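Given next are the chains, with one letter for each unit.
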Amino acid sequence: MAETAEELAIDFLTVSRLADPPTEALLAQALASAGLGAAEYTAAPLRNHTSGNAAGAAPPKRVRLGTWRLGPQQLLTTARLVVARHDGPVMDGMGETAFNAITRGLAAEDTHTLRTSDLALDLHLNAPLREALPALAWAMRLLRTLIDLTQGVVIDPGAQTCYGRAALARFAADDPLAHIVFHDEGWAADTRWLHTHGLQKFGRPELDLVAAPISLEAEGRMFLRDVAERLARGAQLAAGQEIVLEDVGAAVVAVGAPVDVDHQAPYGRLRLADAPQPGEHQGASAQQLLAHMALADATRRAQARDLLGSFEVIERVLAADPDACDALAMKARLHLNSGQALDAMQLGELMELRAPDDYRGPLTVGLALAAMRRYREALNALNRAIQRDPDADEVFAARATVHEGLGQQQLAAVDRAHAAYLRK
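Just so it is clear, the model here is predicted, and its values are computed rather than measured.

**Student:** Which parts of the structure should I look at to understand the pairing of strand 5 (residues 119–128)?
**Tutor:** In regular strands, side chains alternate between the two faces of the sheet. Where burial is concerned, most of strand 5 is hidden: eight out of the 10 residues are buried. For strand 4 (residues 78–86) and strand 5, the ladder comprises eight bridges, and the chain directions are antiparallel. Considered in strand 5, the bridge of L81 is made with L123.

**Student:** Hey, could you run me through the packing of helix 7 (residues 287–303) against helix 9 (residues 325–337) in this one?
**Tutor:** In a packed pair of helices, the relevant descriptors are the angle between the two axes and the axis-to-axis distance. Across the interface, helix 7 lies against helix 9 with an axial gap of 11 Å and an inter-helix angle of 10°. As far as their axial angle goes, helix 9 and helix 7 are roughly parallel. Counted together, H292, L295, A298, T299 and A302 of helix 7 and D326, A327, M330 and L334 of helix 9 form the full contact between these two elements. When grouped by side-chain class, the residues that make up the contact of helix 7 with helix 9 number six nonpolar, two polar and one charged.

**Student:** So what exactly am I meant to see when it comes to the environment of A296 here?
**Tutor:** Residue placement: A296 occurs in helix 7. Overall, the relative accessible area of 14% leaves A296 in the buried class.

**Student:** What should I look at first to understand the nonpolar core in this one?
**Tutor:** Among soluble globular proteins, nonpolar side chains are generally buried collectively. One finds F12, L123, L207, F223, L237 and L272 to be the most contacted residues of the largest nonpolar core, which totals 106 residues. In terms of residues, this core owes the most to one element, helix 4 (residues 132–150), which gives 11 residues. Those residues in contact with L207 that lie beyond four places of it in its chain are L194, H195, T196, L199, L224, V227, A228, L231, L237, R269 and L270. Formed by 12 residues, the second largest nonpolar core is a distinct cluster that contains L13, F99, L106 and I155.

**Student:** I keep staring at the side chain of R399 and nothing clicks. Help me out?
**Tutor:** In this fold, R399 is placed in helix 13 (residues 393–405). The exposure class assigned to R399 is buried, which follows from its relative accessible area of 17%. Side chain to side chain, R399 and N383 meet in a polar contact 2.8 Å long. Contacts of R399, omitting those with residues within four sequence positions, involve L379, L382, N383, I386 and D415.

**Student:** Whenever I open this one, the sheet that holds strand 1 (residues 7–15) confuses me. Can you help?
**Tutor:** Sheet strands associate in pairs through backbone hydrogen bonding, adopting either a parallel or an antiparallel arrangement. With antiparallel pairing, the seven strands of this open sheet are ordered in space as 2-3-4-5-1-6-7. The sheet terminates laterally at strand 2 (38–43) and strand 7 (161–163), the two strands that pair on one side only. Adjacent strand axes in the sheet meet at a mean angle of 25° when their direction is disregarded. Across the sheet, helix 1 (residues 24–33) touches strand 2, strand 3 (62–71) and strand 4, and the angle it forms with strand 3 is around 30°. The strands that helix 3 (residues 108–116) touches are strand 1, strand 6 (153–156) and strand 7; relative to strand 6, the one it contacts most, it runs at about 70°.

**Student:** Looking at this structure, how should I read helix 8 (residues 307–320)?
**Tutor:** Owing to its 3.6 residues per turn, the α-helix aligns residues three or four sequence positions apart on the same side. Compared with an ideal rise of 1.5 Å per residue, which puts 14 residues at 20 Å, helix 8 spans 20 Å between its outermost C-alpha atoms and is within 8% of the ideal. Every buried residue belonging to helix 8 is among G309, S310, F311, V313, I314, R316, V317 and L318, and all of these are buried. Considering only its buried residues, helix 8 is in contact with helix 6 (217–232), helix 7 and helix 9.

**Student:** Sorry, what's going on with unusual backbone geometry here?
**Tutor:** Most peptide bonds adopt trans geometry, and most residues besides glycine take a negative phi value. Non-glycine residue Q151 carries a positive phi angle of around 55°. Residue Q160 is not a glycine yet carries a positive backbone phi of 50°. Taking relative accessible area as the criterion, Q160 reaches 26% and is therefore assigned partly exposed.

**Student:** Any chance you could explain the environment of A368 here in plain terms?
**Tutor:** With respect to the helices and strands, A368 occurs in helix 11 (residues 360–371). Taking the C-alpha atoms as reference, A368 lies 8.5 Å from Q340; in sequence the two are 28 residues apart. In this structure, A368 is in contact with L336, A341, A344 and M345, ignoring residues within four places of it in sequence.

**Student:** What's the story with helix 10 (residues 341–354) in this structure? I'm lost.
**Tutor:** End to end, helix 10 covers 20 Å across 14 residues, agreeing with the expected 20 Å (1.5 Å per residue, within 8%). Buried within helix 10 we find A341, A344, M345, L347, G348, M351 and E352. Buried residues of helix 10, viewed axially, fall in a sector of 160°; they line one side.

**Student:** Help me understand the environment of G158 in this model?
**Tutor:** Looking at the element boundaries, G158 is found in the loop between strand 6 and strand 7. It is 6.5 Å that separates the C-alpha atoms of G158 and K201, two residues lying 43 residues apart in sequence.

**Student:** What should I look at first to understand the packing of aromatic side chains in this one?
**Tutor:** Each aromatic ring pair is summarised here by two numbers: the centre-to-centre distance and the angle between the ring planes. Applying the stated criterion to the full structure yields three aromatic pairs. Centroid distance Y41 to W68: 4.8 Å. Interplanar angle 45°. Geometry classified as tilted. Here the residue Y41 occupies a position in strand 2, and W68 occupies one in strand 3, the gap between them amounting to 27 residues. Judged by relative accessible area, which is 3%, W68 ranks as buried. Centroid distance W187 to W193: 6.2 Å. Interplanar angle 65°. Geometry classified as edge-to-face.

**Student:** What am I meant to see in the sheet that holds strand 10 (residues 206–213) here?
**Tutor:** Spatial ordering of the open sheet is given by 8-9-10-13-12-11, a layout of six strands whose pairing is mixed. Unpaired on one side and paired on the other, strand 8 (181–188) and strand 11 (242–245) mark the two borders of the sheet. Strand-to-strand twist in this sheet, taken as the mean axis angle between neighbours without regard to direction, amounts to 25°. Both strand 11 and strand 12 (residues 250–256) contribute to a ladder of four bridges, which runs antiparallel. Looking at the pairing, L245 lines up with A250 of strand 12. Where helix 6 meets the sheet, it contacts strand 8, strand 9 (191–197), strand 10, strand 11, strand 12 and strand 13 (269–274), and its direction lies at approximately 165° from that of strand 10.

Conventions and cut-offs
- Residues numbered from 1 in each chain as written.
- Predicted model: local features only at pLDDT ≥ 70, side-chain atom pairs only at ≥ 80, totals over all residues.
- Heavy atoms only, no water.
- Buried < 20%, exposed > 50% of the residue type's maximum accessible area, 1.4 Å probe, protein only.
- Helix = DSSP H or I, 4+ residues; strand = E, 2+ residues; numbered from the N terminus.
- Pairing = 2+ DSSP bridges.
- Axes fitted to C-alpha atoms, helices over the stretch in contact; angles between N-to-C directions.
- Parallel < 35°, antiparallel > 145°, perpendicular 65-115°, else oblique.
- Contact = heavy atoms within 4.5 Å.
- Nonpolar A, V, L, I, M, F, W, Y, C, P; charged D, E, K, R; others polar.
- Core = buried A, V, L, I, M, F, W, Y, C linked by side-chain atoms within 4.5 Å.
- Polar contact = N/O pair within 3.5 Å; in protein donor to acceptor, adjacent residues only side chain to side chain.
- Expected span 1.5 Å × (residues − 1).
- Arc of directions from axis to C-beta.
- Phe/Tyr/Trp six-rings, centres within 6.5 Å; stacked < 30°, edge-to-face > 60°.

What follows is the structure in structure tokens.
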């Protein structure tokens, strides 16, 4: 991926609800009162729409009325505010689907303004990359001033969203996530497509998570927000680069994502997908990562003795993949800790059936049988587990306990020593 440009170009459009633009004196006073820095106004020259044009030629679709040049204090960022009148509604030409998407959540009167108004104030920022967040924070202060003067609506093309007066009033301008919108759209029957709009304002690629199971959507949102915030604060991410979440034992890799006309991104779009195992092809989904995140949360809940919460999270993982051995094994372990050995054994038998190569199925069966003091049967189950994975130290530790239950102290000591050796 090409290196990020050193200077950012950021645009906002304020569509006025009023028929006339604020006067030069009124806007100058408002800018000064808001402490927005130096401002210089240049009125546009008068134009004759017909002179110099061929007979019958259409007049310009957008007539510039004047331009403000602004210099935010203590920043290298420069800004230009163009006041212009269109020969029809400012949003003319935008398809209904795109219009509905960008105006989602707006008040009815704000939507009406966008459908009917022909007056707009176009703000264009040129900001050094390192000033992205302070430049955006300054822009939000300016946009609040413009909203007050025009009673209008702000369009944020980079984030593909709009802000009414109330939304701007509570905007946390110094929070990078406030400048990024997270979209959630259908992908398949039971999965979602989570993606960002707005990272381009920080000179960073937009992010995708595709085929996120509905039951793990919360984890997907959390992960996407975390990565987006890191990028907005200066981290870099390129195609082929891995993100390792050591606390949940999983990794994802950034993959170049296809872009359609509604998701153009000047710095590209990256898809975050599970890192493939050796010899496997790169997939598109991050389901494995999301499941690991959920199970880490289930573990934390269990440690805090919130067993109901832990079981709820495990069930969400199993809703995404009923054969997920990690989730089945954790559920069985919680049952064992609660003295429900029969429930644990049934889960172990289910794992043996669905994952015949995974040692955790017979291990779970062996632990459940040992808890019921059925040591001979437990020994057979644990021997099956060792055949599946001779390097699993927990199986030898479990078998040592079973040997002790059978009075075989010497065999127990051998298994316990071998388990300690494997843990090194």
